[in-house]
Amino acid sequence: MIYPIVKYGQKVLEDGTELIKEFNADLEKLVADMFETMYAANGVGLAAPQIGLAKRLCVIDITSGQDPNAKLVLANPEIIAMEGKQTEEEGCLSLPEFRAKTPRPLRATIRAQGLKGEEITLTGEGLLARAFCHETDHLNGKLFIHHLTRLKRESIKRKVRKMTKAGEW
Ligand SMILES: [Zn+2]
């Protein structure tokens, strides 16, 4: 099932999330739906708040479905180490059409639980590090615009307000 994606301005994107405690068939179904929703939107990551659920859960596939081994399910993720710097264009399915150079660590290590509750620790570099940080941010109520200068962030917010007024958001 493909969920509608929640856009910036909705409260659920900026509230916190609740820990995943049950690793069962319902979670498997939700994760399958999240992958389906992410691929349909041509995204490389999707966090539960983006489909309106305040749960500490995200999915990532930086190969956009090309490599089945690249599919990552991260429940209750935390970034536990960061190293270096990168500043690349970043976007978000909840802020369609907006992209901006966003500072991130070059490498990031994430600790999370997998679909069965097993503990996972992964270190990503480049795009994967960016995805780890971007999706974990979502689960903490943050979006990539929080990492931009105030000027850039306000400019995007202003455009969103305009579009919202015009019924285009
Ligand atoms: Zn996002």
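For the structure, check the block above.
Residues numbered from 1 in each chain as written. Predicted model: local features only at pLDDT ≥ 70, side-chain atom pairs only at ≥ 80, totals over all residues. Heavy atoms only, no water.

Visitor: Explain the overall build of the chain residue by residue, including any values.
Guide: When its secondary structure is counted, the chain shows three helices and seven strands. Counted from the first residue to the last, the chain has its helices and strands arranged as α-β-β-β-β-β-β-β-α-α. Taking 2.2 N^0.38 as the reference for a compact globule, 169 residues should give roughly 15 Å; the C-alpha atoms of the chain span a radius of gyration of 15 Å, in line with that estimate. Each principal axis of the C-alpha atoms in the chain carries an extent, and together these give about 45 × 35 × 30 Å. Of all 169 residues assigned to the chain, the portion counted as buried reaches 43%. Taking all contacts inside the chain whose residues are at least 6 apart in sequence as the whole, residues at least 24 apart take part in 63%. (Helix = DSSP H or I, 4+ residues; strand = E, 2+ residues; numbered from the N terminus. Rg over C-alpha atoms; globule rule 2.2 N^0.38 Å. Buried < 20%, exposed > 50% of the residue type's maximum accessible area, 1.4 Å probe, protein only. Contact = heavy atoms within 4.5 Å.)

Visitor: So what about the environment of leucine 13? Which residues, and what values?
Guide: Among the structural elements, leucine 13 can be located in the segment before α1 (25-40). Look at leucine 13 and you get buried, because its relative accessible area is 0%. Considered as a pair, leucine 13 and serine 155 are 142 residues apart in the sequence and their alpha carbons are 19 Å apart. In contact with leucine 13, other than residues within four places in its own chain, are Val6, Lys7, Tyr8, Pro49, Gln50, Ser94, His138, Gly141 and Lys142.

Visitor: Talk me through the coordination of the zinc ion; I want residue IDs and the actual numbers.
Guide: Protein-derived ligands of the zinc ion are Cys92 (SG), His134 (NE2) and His138 (NE2), with the metal-ligand distances lying across 2.0 to 2.3 Å. All donors of the zinc ion come from a single chain, and their spacing in sequence reads C-x41-H-x3-H. Of this pair, histidine 134 and histidine 138 are both found in helix α2 (residues 127-139), four residues apart, which corresponds to roughly one turn of the helix. The same class applies to histidine 134 as to histidine 138, namely buried. (Donors = N, O, S within 2.8 Å, 3.2 Å for Na, K, Ca; no water.)

Visitor: Can you break down the pairing of strand β2 (residues 57-60) residue by residue, with the values?
Guide: Regular strands show a simple pattern: their side chains alternate between the two faces of the sheet. The alternating pattern of β2 places Leu57 and Val59 on one face and Cys58 and Ile60 on the opposite face, and all of these are buried. In this sheet, β2 lies alongside strand β1 (residues 45-47) in antiparallel orientation, the contact comprising three bridges. Bridge pairing links leucine 46 to valine 59 in β2. Two strands pair when backbone bridges link them, and β2 and strand β3 (residues 72-83) are joined in this way by four bridges, in the antiparallel orientation. Looking at the pairing, leucine 57 lines up with alanine 75 of β3. (Pairing = 2+ DSSP bridges.)

Visitor: Account for the pairing of strand β7 (residues 119-125), with residues named and values stated.
Guide: Bridge count for strand β6 (residues 107-113) against β7 is seven bridges, and the pairing is antiparallel. What sits directly across from alanine 108, in β7, is glycine 124.

Visitor: Got a sec to walk through the sheet that holds β1? Specific residues and values, please.
Guide: Across the sheet, which stays open at both edges, the five strands sit in the order β1-β2-β3-β6-β7 with antiparallel pairing between neighbours. Two strands bound the open sheet, and with one partner strand each, they are β1 and β7. Taking the axes of each pair of neighbouring strands and ignoring which way they run, one obtains an average angle of 35° across the sheet. Sheet contacts for α1: β1, β2 and β3; angle to β2, the most-contacted strand, approximately 45°. Strands in contact with α2 are β1, β2, β3, β6 and β7; relative to β3, the strand with the most contacts, it is inclined by about 110°. (Axes fitted to C-alpha atoms, helices over the stretch in contact; angles between N-to-C directions.)

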